[in-house]
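Understanding the architecture of this molecule
Listed below, chain by chain, are the residues.
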Amino acid sequence: MITVHLPAPLRDCCEGASELAFPAPSLRAVLDALEQRHPSLHRSICDETGTVRRHVNLFVNINHMRDCNGLDTPLVPGDVVTILPAVSGG
Amino acid sequence: MANRILLCIGTKKGLFVAESASPRRRFTLRGPFGPGVAVYSALVDTRGTPRLYASSCNPFFGMKVLRSTDLGKTFKETKSAPAFSKEDGRAVANIWSLEAGGNRKELWCGVEPAALFKSRDGGDSWEMVSGISNHEHARKWHPGNGGLCMHTILRDGKRVHLGISTGGHYLSEDGGETFAAANQGIGAGFLPDPFIEFGQCVHKIARHSGAPGRLYMQNHGGFPEHPGIGVLRSDDHGHTWRSIADGLPSDFGFPILVHPHDPDTIYVMPLEAPTRTCPGGAPAVWRSENGGGSWKKLTQGLPKKESFFTVLRDAMDIDELSSPALYFGTTTGQLWFGREGGERWECLFDSLPPIHCVKVTVV
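Residues numbered from 1 in each chain as written. Chains lettered and ligands numbered in written order. Predicted model: local features only at pLDDT ≥ 70, side-chain atom pairs only at ≥ 80, totals over all residues.

Let us look at the overall build of chain B. A count of helices and strands for chain B gives two helices and 28 strands. Scaling as 2.2 N^0.38, a compact globule of 363 residues should have a C-alpha radius of gyration of about 21 Å, and chain B matches this with 19 Å. Along the first, second and third principal axes, the C-alpha atoms of chain B reach 55 × 50 × 40 Å. Residues counted as buried form 53% of the 363 residues belonging to chain B. Restricting the contact set of chain B to residue pairs at least 6 apart, pairs at least 24 apart contribute 47%. (Helix = DSSP H or I, 4+ residues; strand = E, 2+ residues; numbered from the N terminus. Rg over C-alpha atoms; globule rule 2.2 N^0.38 Å. Buried ≥ 20, exposed ≤ 12 C-beta atoms within 10 Å, placed from the backbone. Contact = placed C-beta atoms within 7 Å.)

As a further point, take unusual backbone geometry. Residues and elements named next belong to chain B. Geometrically, the link from Gly 31 to Pro 32 is a cis peptide bond, its omega value of 5° lying close to zero. With omega at 10°, the peptide bond leading from Ser 165 into Thr 166 counts as cis. Residue placement: Thr 166 occurs in the loop between β13 (159–165) and β14 (168–172). With a phi close to 60°, His 237 is a non-glycine residue in the positive phi region. Here His 237 is to be found in the loop between β18 (231–234) and β19 (242–243). Overall, the presence of 17 C-beta atoms within 10 Å leaves His 237 in the partly exposed class.

Turning our attention to the interface of chain B and chain A. For interface size, the figure often reported is the accessible area lost on association. Opposite the 10 residues of chain B that make contact, chain A presents 12 residues. Taken together, the residues of the side of chain B that touches chain A break down into six nonpolar, three polar and one charged. (Nonpolar A, V, L, I, M, F, W, Y, C, P; charged D, E, K, R; others polar.)

Per-residue confidence for chain B averages 96 on the pLDDT scale, and 99% of its residues sit at or above 70. Listed scores for the predicted complex are pTM 0.94 and ipTM 0.85. (pLDDT = per-residue confidence, 0-100.)

A few words on the nonpolar core. Residues Leu7(B), Cys8(B), Ile9(B), Leu15(B), Tyr327(B) and Val358(B) are the most contacted members of the largest nonpolar core, which totals 109 residues. Here this core takes five residues from strand β1 (residues 4–11) of chain B, the largest share from any one element. Aside from chain neighbours lying at most four places away, what touches Val358(B) is Leu7(B), Ile9(B), Ala315(B), Met316(B), Asp317(B), Tyr327(B), Phe328(B) and Gly329(B). Counting 20 residues, the second-largest nonpolar core is a separate cluster that includes Leu6(A), Leu10(A), Leu31(A) and Cys46(A). (Core = buried A, V, L, I, M, F, W, Y, C linked by C-beta atoms within 7 Å.)

Rendered as structure tokens:
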């Protein structure tokens, strides 16, 4: 299973859950699963073209996806995907 | 009997709702709703039980539409917000306008990049209006500094007028199925040929139901080499336009309003083009009572100096009481209130976040 940690502003999209768990072989598969199971959560992470929103960061364990293989980063059971908004200014 | 005035104030940090009994002696404020997220458009839909709508334009998590069924005491997100199809290739970057449609639950919504969406269920689902969103000009429009936004939707029976910055004025005469550019007389002072078919930076368009065919426009003016292109009027349903800027201190500005009971009375807020702030640091609303033939400066109660704010395109409105009051919000977070059609001004709230839009309704 992959554990997906959600930031507080997005928990209303999945009945208040702070984390979700399901099997997925890649980061892209995580987003595909979210699109099926929690479409409003997916819309908050990705725009309608499927691109991860500019100010949303996806981490695999402690590594940003851009430092891995992007959405094609492979996952293994036990991995943790953390979704966080970028740091904000005023 | 109408007895309450509701003000929706969209700001950089969320939506505020102010409310007063009809003498308008005191306004109470609540909010922010959608806290921390910019609101660029609001609508008080008075068809049937009043509903309030606001766009919530989140730079992190995308666009939402907020809806209230209790006169702005609480808001919830609608089930979905306008979005392009995955195949379209565009992504909604902002929601600039929300307007009531023809049927009870129909809403129209203008977005950035410029496109039009329609909801038939009060905002829970949306479909793109392809007649304008996929118009042959659509991929040729360019954004100005504010983004490529569809900010004005005016419905007039089968006619629909759209204002797009930077696209110009588009007119449908078949209820919104098809649209044509209608920009004759509207200048684009930032182009080598200012009088082009489309691509003008229209700022706002207004009309009055009592003057069929007449429209007023605040266009992007402020070009010394093209004087007077900023404030315009049409008397033929928007097919042709002429300047009514003579007598104003600047033809640059963003909002334009029509008096609710007199189609000849209009209001603008001239700004200095280089700074987009009040001329000489002294804000003034200017009123014409003859359809733009002449103008009068309204300043009583407004600061006389050292005020360098901007009033954005949707940040001025007028209520519909027998002696209507004007309201405008500033980018410095002040909400000003002008009794007797703007004759006497007072500051209702002086420390809100930067204000993007102000919508007032009597319920």
